[in-house]
Amino acid sequence: MPEESPTSETYILGHHSQEIHRLRLQGQLLNPFTRHLLQEAGISQGMRVLDIGCGPGDVSLLAAELVGQQGQVVGVDSNPAALAVAQRRAQEAGFSQICFQTADIHELSVEGQFDALVGRLILPHASVTKSPLPHLLTHLRQGGVVAFQEFDFPAHQTSTQPVCPLWEQAVTWCIEISQRAGVDTQMGMKLARMLMAEGLPAPQLRYEAAIGAGPSWLGYECLTELVRSLLPLIVQLGIATAQDIEIETLAERLREENRSLGSVARLPVLVSARTHLA
């Protein structure tokens, strides 16, 4: 689910400390996919990278590793609390080449041109009223890299095999609340069209997912924390009650169901797209 927060009106997961924790947990599962995308996109030593909706900084930190001390990464988010976490993490990693800026990405003002524009799980929220891409692309140099990742929730497909009813129910809660809030749960499959609509060349695409089995997989906690962040809205809109969900035991029940059935579980499919400003 969404990685970052362009505005408080469109980001349905909130800005509290528990949500920042969830984002970092999610990052542990998604960072290998994102690192691969950035490397394939050609982000390398000395480049200047703009990371939109950076949240607690996972993608910014990955980019900083690739651009090195001679490069620069500017992470942008509307949530000051998330940026404080990102800044602390950058300092702990010794990355002086990262800086962070609090801003609405629709009205972003930064100095100079960038070699790459990147973002993970941001566009469904930033694009509720209008796409931020036309404005963001003005900050990219000719030939600059464009690389985004978004989730796709395949319609009418189960996420476990053999089927784990509790896991499927938790996924359904998340999908229903997102759709009712106007969040596009199939943005991943629309990425190519969205980028080409801005005159960018057809992107290279990748379709992959974090999957796991057994008691130690982080996915149980990841799905549980997503439900936790959405819980107020789930209850408010009558999708389920707090008693139905039992959030404090949900992760352990998901783990036990998976173990007892010998199942493999899949988180939402992550679509990666990379292209350039022609």
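The structure this text deals with has already been given above.
Conventions we followed
- Residues numbered from 1 in each chain as written.
- Predicted model: local features only at pLDDT ≥ 70, side-chain atom pairs only at ≥ 80, totals over all residues.
- Heavy atoms only, no water.
- Helix = DSSP H or I, 4+ residues; strand = E, 2+ residues; numbered from the N terminus.
- Rg over C-alpha atoms; globule rule 2.2 N^0.38 Å.
- Contact = heavy atoms within 4.5 Å.
- Lys, Arg positive; Asp, Glu negative; His and termini not counted.
- Charge placed at Lys NZ, Arg CZ, Asp CG, Glu CD.
- Axes fitted to C-alpha atoms, helices over the stretch in contact; angles between N-to-C directions.
- Left-handed = near helix turned anticlockwise from the far one by under 90°.
- Nonpolar A, V, L, I, M, F, W, Y, C, P; charged D, E, K, R; others polar.
- Pairing = 2+ DSSP bridges.
- Core = buried A, V, L, I, M, F, W, Y, C linked by side-chain atoms within 4.5 Å.
- Buried < 20%, exposed > 50% of the residue type's maximum accessible area, 1.4 Å probe, protein only.
- Parallel < 35°, antiparallel > 145°, perpendicular 65-115°, else oblique.
- Expected span 1.5 Å × (residues − 1).
- Phe/Tyr/Trp six-rings, centres within 6.5 Å; stacked < 30°, edge-to-face > 60°.
- Lys NZ or Arg CZ within 6 Å of the ring centre and 35° of its normal.
- Salt bridge = Lys/Arg side-chain N within 4 Å of Asp/Glu carboxyl O.

1. Re the overall build of the protein
- A count of helices and strands for the protein gives 10 helices and 10 strands.
- Taking 2.2 N^0.38 as the reference for a compact globule, 278 residues should give roughly 19 Å; the C-alpha atoms of the protein span a radius of gyration of 18 Å, in line with that estimate.
- Considering only contacts in the protein between residues 6 or more positions apart, those separated by 24 or more positions represent 80%.
- On the protein, the mean spot of the 19 positive side-chain charges and the mean spot of the 29 negative ones are 3 Å from each other.

2. Section: the packing of helix H1 (residues 17-41) against helix H2 (residues 58-67)
- As a packed pair, H1 and H2 sit with axes 9 Å apart at the nearest point and diverge in direction by 35°. Every pair of crossing elements has a handedness; the one defined by H1 and H2 is right-handed. Residue-level inspection shows Leu-23, Arg-24, Gly-27, Asn-31, Thr-34, Arg-35, Leu-38 and Gln-39 of H1 in contact with H2, the latter providing Asp-58, Val-59, Leu-62, Ala-63, Glu-65 and Leu-66.
- Tallied by class, the residues present in the contact of H1 with H2 amount to 6 nonpolar, 4 polar and 4 charged.

3. Details of the sheet that holds strand E2 (residues 72-77)
- Taken in spatial order, the 7 strands make up an open sheet running E3-E2-E1-E4-E5-E10-E7, and their pairing is mixed. Because the sheet does not close on itself, it has two edges, and the strands there are strand E3 (98-102) and strand E7 (204-208). Recorded for the sheet is a direction-independent mean angle of 15° between the axes of neighbouring strands.
- Judged from the 6 bridges that link them, strand E4 (residues 114-120) and strand E5 (residues 140-152) form a sheet pairing that is parallel. Its bridge partner being in E5, Leu-117 is matched across the sheet by Val-146.
- Running over the sheet, H1 touches E4, E5, E7 and strand E10 (269-276) and is turned about 150° from E5.
- Packing of helix H7 (residues 187-196) onto the sheet brings it into contact with E5, E7 and E10, and relative to E5 it is tilted by some 160°.

4. Re the nonpolar core
- In this structure, Trp-167, Trp-173, Val-227, Ile-234 and Ile-245 are the most contacted members of the largest nonpolar core, which totals 34 residues.
- For this core, the secondary structure elements donating two or more residues are H1, helix H6 (165-180), helix H8 (219-236) and helix H10 (247-261).
- Residue contacts for Trp-167: discarding those within four places in its chain leaves Ser-159, Thr-160, Trp-217, Gly-219, Tyr-220, Leu-223, Leu-254, Glu-257, Ala-265, Arg-266 and Leu-267.
- Leu-50, Val-74, Leu-133 and Leu-277 belong to the second largest nonpolar core, which has 27 residues in total.

5. Re the packing of H6 against H8
- Closest axis-to-axis distance for the H6/H8 pair is 10 Å, and the angle between their directions is 45°. Regarding the angle of H6 to H8, the classification is oblique. The interaxial crossing formed by H6 with H8 has left-handed handedness. Packed against H6, whose contacting residues are Trp-167, Ala-170, Val-171, Trp-173, Cys-174 and Ile-177, the element H8 presents Gly-219, Tyr-220, Leu-223, Leu-226, Val-227, Leu-230, Leu-233 and Ile-234 at the interface.
- When the residues that make up the contact of H6 with H8 are grouped by side-chain class, the tally is 13 nonpolar, 1 polar and no charged.

6. Observations concerning H6
- Relative to the 22 Å expected for 16 residues at 1.5 Å per residue, H6 spans 22 Å between its end C-alpha atoms, a close match to the ideal helical length.
- Looking only at H6, the buried set comprises Leu-166, Trp-167, Glu-168, Ala-170, Val-171, Trp-173, Cys-174, Ile-175, Ile-177 and Ser-178.
- Those residues of H6 that are buried are in contact with strand E6 (160-161), H8, helix H9 (242-245), H10 and strand E9 (264-266).
- One or two steps after H6, the chain reaches Gly-182, where phi turns positive at roughly 85°.

7. Things to note about the packing of aromatic side chains
- Enumeration according to the criterion identifies 4 aromatic pairs in this entry.
- Through a chain of ring-to-ring contacts, three or more aromatic side chains come together here, namely Trp-167, Trp-217 and Tyr-220.
- Between the NZ or CZ atom of Arg-48 and the centre of the ring of Phe-114, over which it lies, the distance is 4.0 Å.

8. A few points about the pairing of E4
- When you tally the buried positions in E4, you get 7 out of 7 residues, the bulk of the element.
- Pairing geometry for strand E1 (residues 48-52) and E4, over 4 bridges, is parallel. Across the sheet, Leu-50 pairs through a bridge with Leu-117, a residue of E4.

9. Brief notes about the pattern of salt bridges
- All chains considered together, the criterion is met by 14 salt bridges.
- The salt bridge partner of Lys-190 is Asp-184, with a shortest N-O separation of 2.8 Å.
- With relative accessibility at 29%, the residue Lys-190 sits in the partly exposed group.
- Here Arg-259 and Glu-256 are joined by a salt bridge, their closest N and O atoms 2.5 Å apart. A residue pair is termed a helical-turn pair when its members lie 3 or 4 positions apart in one helix, as Arg-259 and Glu-256 do in helix H10 at 3 residues.
- Judged by its relative accessible area of 35%, Glu-256 falls in the partly exposed class.
- The structure contains a network of salt bridges with shared partners spanning Glu-40, Arg-206 and Arg-274.

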